Amino acid sequence: MFEFLCPICKNPLVRTEKTYICENSHSFDIAKSGYVNLLISQKQQCHGDDKLMVQSRRDFLDKGYYAPLRNALCEQIQKYAKTGSRILDAGAGEGYYSAAVADAAGDNCHIGAIDISKHALTAINKRTKNIDCAVASIYDMPVADSSCQIALNFFAPNCNEELFRILDNGGILIRAIPLRRHLFSLKSAVYDEPYENEPESYDSPPFSLVSAKELRFRINLDSNKDILSLFQMTPYYYKTSKKDYEKLLSLDELETEVEFCLLTYEKKL
């Protein structure tokens, strides 16, 4: 079981059948869908991914379009995970990658996932029962100092200070970021003037870069449902005019670029 901290007194939480409770009797109910809500600050009470984004991501990813990235991640997990390793997915989303990590790490590791979206954590619980899930902010994680051996941060906001804090010395951080022309043909189908992504530095102090694996391939979306699912799971959907979005409604097939970089870092003191 992955150990969370009480967000009030910072003492370890013990899981019972229906609650998490600390030695000071601060208690947090476990929702029917499997997560515990550890967000107590009103400033943190934002919804995260909504139902549409979570369902679209699940529909799309379950088709295997991003399997090369998932497989590359599993290779890294199998390389670094050891018996008893604590692994945290920080900003886990709907759990496609979290579940793959749980499978790759094996039964002797302790897997946790945090996200600010209750819808996302509900989806994780539907995928697997092998992950302990908490509604929490990656900017203030309810996780003890130096308590994790591996952290995952995939397409989520990144807070190096917190990730560095929760990893022990020699701990591994694995990130995934989009490259310049990721989904460029999809954007070309929507926008009159499509744009490339801004390049992101691979350096991520105070972490030391261990490896950077670039993955470039093309996917063919052979249904309008898959095209819409891909677009709806991206931030573009909420920033696009109705007129531009409707350009996708008549498309039954689309081929687009997929470009990721899988980055592995080490915490060195």
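Preceding block: the structure.
Overview of the structure.

### Points about the pairing of strand β7 (residues 132-135)
Here is step 1 of the chain: Neither face of β7 is left uncovered, since the one carrying Asp132 and Ala134 and the one carrying Cys133 and Val135 both have all their residues buried.
Here is step 2 of the chain: Relative to β7, strand β4 (residues 35-37) is paired through three bridges, and the arrangement is parallel. Across the sheet, residue Val36 finds its bridge partner in β7, namely Ala134.
Here is step 3 of the chain: Note: strand β6 (residues 110-115) against β7, four bridges, orientation parallel. Within the sheet, the bridge partner assigned to Gly112 lies in β7 and is Asp132.

### Here's the deal with the environment of Ile124
Here is step 1 of the chain: Along the chain, Ile124 turns up in helix α4 (residues 118-127).
Here is step 2 of the chain: Residues Ile124 and Gly93, spaced 31 residues apart in sequence, show a C-alpha to C-alpha distance of 8.0 Å.
Here is step 3 of the chain: Setting aside its immediate chain neighbours within four residues, Ile124 contacts Ala92, Gly93, Glu94, Gly95, Ser98, Ala113, Ile131 and Cys133.

### Notes on the pattern of salt bridges
Charged atoms that come close allow side chains of opposite charge to pair.
Here is step 1 of the chain: Counted according to the given criterion, the structure contains 21 salt bridges.
Here is step 2 of the chain: For the salt bridge of Arg216 with Glu214, the shortest nitrogen-to-oxygen distance reads 2.5 Å.
Here is step 3 of the chain: The class of Glu214 is partly exposed, set by a relative accessible area of 39%.
Here is step 4 of the chain: Of the charged contacts in the structure, one is a salt bridge between Arg216 and Glu259, with a shortest N-O distance of 3.7 Å. Taken together, the positions of Arg216 in strand β10 (residues 208-221) and Glu259 in strand β11 (residues 254-266) put the pair 43 residues apart, joining distant regions of the chain.
Here is step 5 of the chain: Here Glu259 falls in the buried class, since its relative accessible area comes to 11%.
Here is step 6 of the chain: Beyond isolated ion pairs, a larger network of salt bridges with shared partners links Arg180, Arg181, Glu196, Arg218, Glu255 and Glu257.

### Points about unusual backbone geometry
Here is step 1 of the chain: With an omega of 10°, the peptide bond running from Pro205 to Pro206 counts as cis.
Here is step 2 of the chain: Positive phi, close to 70°, is recorded for Lys10, a residue that is not glycine.
Here is step 3 of the chain: Non-glycine residue Ser146 carries a positive phi angle of around 55°.
Here is step 4 of the chain: Looking at the secondary structure, you find Ser146 in the loop between β7 and β8 (148-154).
Here is step 5 of the chain: Using a relative accessible area of 40% as the deciding quantity, one classes Ser146 as partly exposed.

The rules behind these values
Residues numbered from 1 in each chain as written. Predicted model: local features only at pLDDT ≥ 70, side-chain atom pairs only at ≥ 80, totals over all residues. Heavy atoms only, no water. Buried < 20%, exposed > 50% of the residue type's maximum accessible area, 1.4 Å probe, protein only. Helix = DSSP H or I, 4+ residues; strand = E, 2+ residues; numbered from the N terminus. Pairing = 2+ DSSP bridges. Contact = heavy atoms within 4.5 Å. Salt bridge = Lys/Arg side-chain N within 4 Å of Asp/Glu carboxyl O.

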